[in-house]
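# Coordinates in review
Take a look at the letters that make up each chain.
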Amino acid sequence: SSPSGLERPQLVAHVQQALNYTLFDCKWVPRSARLLCLGSAARGTGVLQLYELRGGRLALLREIEKAKPLKCGTFGATSLQQRYLATGDFGGNLNVWNLEAPEIPVYSVKGHKEIINSIDGVGGLGIGEGAPEIVTGSRDGTVKVWDPRQKDTPVANMEPVQGESKRDCWTVAFGNAYNQEERVVCAGYDNGDIKLFDLKTMSLRWETSIKNGVCSVEFDRKDVNMNKLVATSLEGKFHVFDMRTQHPTKGFASVSEKAQKSTIWQVRHLPQNRDIFMTSGGSGSLHLWKYEYPAQRSKKDSEGAEMGVAGSVSLLQNVTLSTQPISSLDWSPDKKGLCVCGAFDQTVRVLIVTKLNKV
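Now for a quick tour of the structure. Bear in mind that the values here come from a model prediction, so they are computed numbers and not experimental data. (Residues numbered from 1 in each chain as written. Predicted model: local features only at pLDDT ≥ 70, side-chain atom pairs only at ≥ 80, totals over all residues. Heavy atoms only, no water.)

### Side note on the overall build of the chain
Basically, it comes down to this: Helix and strand definitions here come from DSSP, where helices need a minimum of 4 consecutive H or I residues and strands a minimum of 2 consecutive E residues; each element is numbered from the N-terminal end. The atom set for the radius of gyration is the C-alpha atoms, and the globule formula is 2.2 Å times the number of residues raised to the power 0.38. Throughout, exposure labels follow a simple rule: accessible area from a 1.4 Å probe, protein chains only, divided by the maximum for the residue type, with under 20% read as buried, over 50% as exposed, and the rest as partly exposed. Computed by Shrake-Rupley with a 1.4 Å probe, the accessible areas treat only the displayed protein chains as cover when residues are assessed. The positive count covers Lys and Arg only, the negative count covers Asp and Glu only, and His and the chain ends enter neither. Taken as the charge location is NZ of Lys, CZ of Arg, CG of Asp or CD of Glu.
Scanning the chain from terminus to terminus reveals 0 helices and 30 strands. Whereas a compact globule of 359 residues would reach a radius of gyration of roughly 21 Å, the chain reaches 19 Å, a difference of no more than 12%. The principal-axis extent of the C-alpha atoms belonging to the chain is close to 60 × 55 × 35 Å. Taken across its 359 residues, the chain has 57% of its residues classed as buried. If you sum the accessible surface of the chain, you get close to 15000 Å²; carbon and sulfur atoms cover 47% of it. Looking at the chain, you have 44 positive and 38 negative side-chain charges, and the mean spots of the two groups are 4 Å apart.

### Focus: the environment of E52
To keep things clear, this is the line we draw: Nitrogen and oxygen atoms within 3.5 Å of one another constitute a polar contact, given that in protein one can donate a hydrogen and the other can accept it, and given that sequence-neighbouring residues count only through two side-chain atoms.
Summarising the element assignment, E52 is placed in strand β4 (residues 46-54). Relative accessible area serves as the criterion here: at 23%, E52 is assigned to the partly exposed category. For the pair E52 and L35, spaced 17 residues apart in sequence, the C-alpha separation works out to 6.3 Å. Reaching out from E52, the side chain makes a polar contact with the side chain of R54 at a distance of 3.0 Å.

### Describing the sheet that holds strand β19 (residues 228-233)
Test applied: Pairs of strands are assigned from DSSP output, requiring at least two bridges between the strands. Axis lines are fitted through C-alpha atoms, for helices just across the contact stretch, and the angle between N-to-C directions can take any value from 0 to 180 degrees.
With antiparallel pairing, the 4 strands of this open sheet are ordered in space as β18-β19-β20-β21. Two strands close off the open sheet at either side, each with one partner strand: β18 (214-219) and β21 (251-258). Each adjacent strand pair in this sheet contributes to an overall mean axis angle of 20°, direction not counted. Bridge count between β18 and β19: 5 bridges; the pairing is antiparallel. Looking across to β19, one finds that S216 is bridged to T232.

### Some remarks on the sheet that holds strand β30 (residues 347-353)
One open sheet holds the 4 strands; their spatial order is β1-β30-β29-β28, and the pairing between them is antiparallel. In this open sheet, the two strands that pair with only one neighbour each are β1 (11-18) and β28 (326-331). This sheet shows a mean twist of 20° between the axes of neighbouring strands, independent of strand direction. Inspection of the sheet shows β28 paired to strand β29 (residues 338-343) by 5 bridges, in the antiparallel sense.

On their own, these measurements won't tell you what the molecule is for.
Written out as structure tokens, the structure is:
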């Protein structure tokens with residue numbers, strides 16, 4: 001990288017749109033110039049807005065009100081033809097919507113006793129092998145996996161064992177879906193616990209704790225052999241785990257980075273380059289990072305067991321956009337460098353990140 005910074009990516013605020021409600025999640029609609037905003041109206045109802053990016057402005061295509069505030073959404077378990085949106089709400093409901101006819105959900109289940117904090121999908125959009133599945137994580141302490149083709153009952157339910165205190169699950173993510181059989185779910189909790197559930201063997205494969213509430217977890221890719229996992233925390237730190245090699249006792253090697261003093265709300269990997277990711281912060285800032293692999297990704301310990309070797313993380317660029325936390329973030333799957341973020345200043349912003357092919 002040149003010292004003058006000419007080759008460094010720039011984070012350019014392209015459009016911003018003020019909203020009259022609290023925004024919890026924003027998502028690009030795959031294969032389109034459209035994006036969705038999900039949130040909570042002042043009177044306690046749910047809001048779903050669909051916008052289209054037209055040059056330098058966002059045009060509102062439709063707005064729908066729902067009974068409960070909408071916390072999170074994903075397109076990950078649907079086909080590109082249908083592009084159904086799955087949402088989790090404050091009442092613990094999982095709903096799947098056809099955005100062309102969004103009055104009544106195409107699938108609906110009362111999934112949890114309390115708010116659904118986080119949702120992820122896999123097996124749709126041509127990403128990941130195997131069945132289309134949706135995972136939900138809730139304040140009620142449970143993580144559930146749903147197949148929208150099956151009514152009412154989850155295909156997997158990860159809950160605290162008898163006598164174990166229930167922890168608020170803040171974040172969930174799918175990974176390892178590289179063939180029909182393999183699939184994992186990673187969940188992060190308010191006490192810093194991270195758990196990796198293997199859906200093939202229906203068992204807890206690995207757990208660790210990062211000492212602080214886990215706000216966001218994401219694999220660099222869902223549809224490859226597990227490669228890297230980023231977990232962000234309440235205290236401005238994030239951890240990158242090398243998921244290639246699991247040591248029998250030490251687990252996965254990791255590197256941690258202190259990004260800022262405030263909470264890191266979200267992490268999202270660039271769809272076109274899995275070694276670049278963005279974090280969004282409680283201070284209203286975005287940080288763009290690059291992961292560098294070590295010369296050798298694994299080594300043998302004194303007993304001859306393989307253990308991973310962590311790489312390093314470098315900051316490519318950062319920008320402060322808001323006085324309030326940026327709580328949601330989504331890269332466009334189609335246009336490299338196009339991204340949308342939502343903040344608690346009730347504003348949705350579309351950004352263009354330049355020079356990503358230079359890093």
